[in-house]
Amino acid sequence: MPKVSVIIPVYKVEQYIERCARSLFEQTLDDIEYLFVDDCSPDMSIEILKQVLEEYPWRKQQVIIHRMECNSGQAKVREWGMKKAYGEYVIHCDSDDWVEKDMYETLYRTAKEKDGDIVICGFSRIDGKRVFFQGASYSHVAGDKRQLLSLLIRGSNLSSLCNKLVSRELCSKLIYPTSNMWEDYVISVQLLYYARRVVSVDRNMYWYCYNPRSICGTKDARKVIDRYLQQKENVGMIINFLRDHGIYDMYSDDVVGMKYLAKSELLPAVGEIRYWNLWRKEYKEINGRILFSRAVPLRGKIKFIITFLGLYPLISKTGVTVLQ
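Residues numbered from 1 in each chain as written. Predicted model: local features only at pLDDT ≥ 70, side-chain atom pairs only at ≥ 80, totals over all residues. Heavy atoms only, no water.

Novice: Help me out: how do you make sense of the overall build of the chain in this one?
Specialist: Helix and strand counts for the chain stand at 12 helices and nine strands. For the chain, with 324 residues in total, the buried portion stands at 56%. Taking all contacts inside the chain whose residues are at least 6 apart in sequence as the whole, residues at least 24 apart take part in 78%. When the accessible surface of the chain is summed, it comes to about 15,300 Å², and 51% of that surface belongs to carbon and sulfur atoms. (Helix = DSSP H or I, 4+ residues; strand = E, 2+ residues; numbered from the N terminus. Buried < 20%, exposed > 50% of the residue type's maximum accessible area, 1.4 Å probe, protein only. Contact = heavy atoms within 4.5 Å. Areas by Shrake-Rupley, 256 points an atom, 1.4 Å probe, with all protein chains shown as cover.)

Novice: Can you help me understand the pattern of salt bridges in this one?
Specialist: Taken as a whole and judged by the stated rule, the model has 19 salt bridges. We note a salt bridge from Glu-272 to Arg-274, for which the minimum N-O separation is 3.1 Å. Accessibility expressed as a relative area gives 53% for Arg-274, which makes it exposed. Three or more residues joined by partner-sharing salt bridges are found here, namely Glu-18, Arg-22 and Glu-55. (Salt bridge = Lys/Arg side-chain N within 4 Å of Asp/Glu carboxyl O.)

Novice: Teacher, can you tell me more about helix α1 (residues 17-25) here?
Specialist: Side chains three or four residues apart in an α-helix point the same way, a direct result of the helix having 3.6 residues per turn. Within α1, burial applies to Ile-17, Cys-20, Ala-21, Ser-23, Leu-24 and Phe-25. Against β1 (4-10), β2 (32-38), α2 (45-53), β3 (63-67), β5 (98-99) and α4 (103-114) lie the buried residues of α1.

Novice: What is the right way to look at a nonpolar patch on the surface in this model?
Specialist: On the surface, a nonpolar cluster with roughly 510 Å² of combined accessible area is contributed by Leu-291, Phe-292, Ile-305, Leu-309 and Leu-311. By the secondary structure assignment, Leu-309 is in the loop between α11 (298-308) and α12 (312-316). (Patch = residues over 30% accessible without salt bridge, like charges linked within 9 Å, V, L, I, M, F, W, Y side chains within 5 Å.)

Novice: I would appreciate a short explanation of the packing of helix α10 (residues 273-281) against α11 in the present structure.
Specialist: For any two helices packed against each other, the geometry is given by the interaxial angle and the distance between the axes. Taken N-terminus to C-terminus, the directions of α10 and α11 make an angle of 130°; their axes are 11 Å apart at the nearest point. Taken together, the axes of α10 and α11 lie oblique to each other. Judged by the sense of rotation from one axis to the other, the crossing of α10 with α11 is left-handed. Residue-level contacts link Trp-276, Trp-279 and Arg-280 of α10 to Phe-304, Thr-307 and Phe-308 of α11. In the contact of α10 with α11, the residues fall into four nonpolar, one polar and one charged. (Axes fitted to C-alpha atoms, helices over the stretch in contact; angles between N-to-C directions. Parallel < 35°, antiparallel > 145°, perpendicular 65-115°, else oblique. Left-handed = near helix turned anticlockwise from the far one by under 90°. Nonpolar A, V, L, I, M, F, W, Y, C, P; charged D, E, K, R; others polar.)

Novice: Help me out: how do you make sense of unusual backbone geometry in this one?
Specialist: Negative phi values dominate among residues other than glycine, just as trans dominates among peptide bonds. Residues other than glycine seldom take positive phi values, yet Asp-115 does so here, at roughly 55°. Judged by its relative accessible area of 45%, Asp-115 is partly exposed. With a phi close to 50°, Tyr-283 is a non-glycine residue in the positive phi region. Structurally, Tyr-283 is set in the loop between α10 and α11.

Novice: Sorry, what's going on with the packing of helix α7 (residues 183-194) against helix α8 (residues 221-244) here?
Specialist: Look at α7 against α8: their axes get within 8 Å of each other, and the N-to-C directions meet at 15°. By the criterion of interaxial angle, the relationship of α7 to α8 is roughly parallel. Crossing of α7 over α8 shows right-handed handedness. Counted together, Glu-183, Tyr-185, Val-186, Val-189, Gln-190, Tyr-193 and Tyr-194 of α7 and Asn-234, Met-237, Ile-238 and Phe-241 of α8 form the full contact between these two elements. Class assignment of the residues belonging to the contact of α7 with α8 gives a composition of eight nonpolar, two polar and one charged.

As structure tokens, this is what we get:
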């Protein structure tokens, strides 16, 4: 059994895959399984991956390259990888990102030393020119599952699966989402709920590369709506999970924060009156609660008021910091 299985979805990343693959193959942890899942990528991503692998012959027996039968999306790709992984622990890596060379050894060692079935590390976001966000490892609350779940549900930067080493045993309990947007959100809520012990490494070891051409970076109104509807479906899955496990009331205010974030995904389209009306209507039950919710930050409340008054398209063009 490998110590760690790394699941790497591959789709239209020929510009980034070499950097990602080298960071994975140069890991200081030797006993790793790499699951590259080709989601029918139409470019040269897989060919580039194979060329890079030739330079790391000792890794060849550890690498599985699986091609999906058809383009299935991130949710199905992750599900395939998590069901096929054989490692003692499982982690994800997006193929346009990269990792520090000792990341998986450090996380695995921490998991064994501290008896953790989830280990979280920090991460950095970079747009190719500058680091514009540093994601915390939440070391100050890592031992408090109640607070971790609260932060996650309200929409903190805890939802990524790429900075979480997870015991494979936890994965057998998961209900997998089918919609692609926020699919990691759905899985992370379940993992944190089922986790016996969560520990952390107070160091940024994962590098998230912001790609403006990705679906998350699009401003096209039709794609924005499609993205929102997928997120709404996954918000529903999270709410159902909380209710099914009798903990919805405990996190009801955090759910307000989650619904607010989902609603905010419509903002790039609210310049059109029909989408502004849609924004007002969606999750309208939280409109009267947002200003009093502890789960929505002050700048979020200001953005809500501005949008409700129909001023967001005008003010957002001025670059006012509080709206970023």
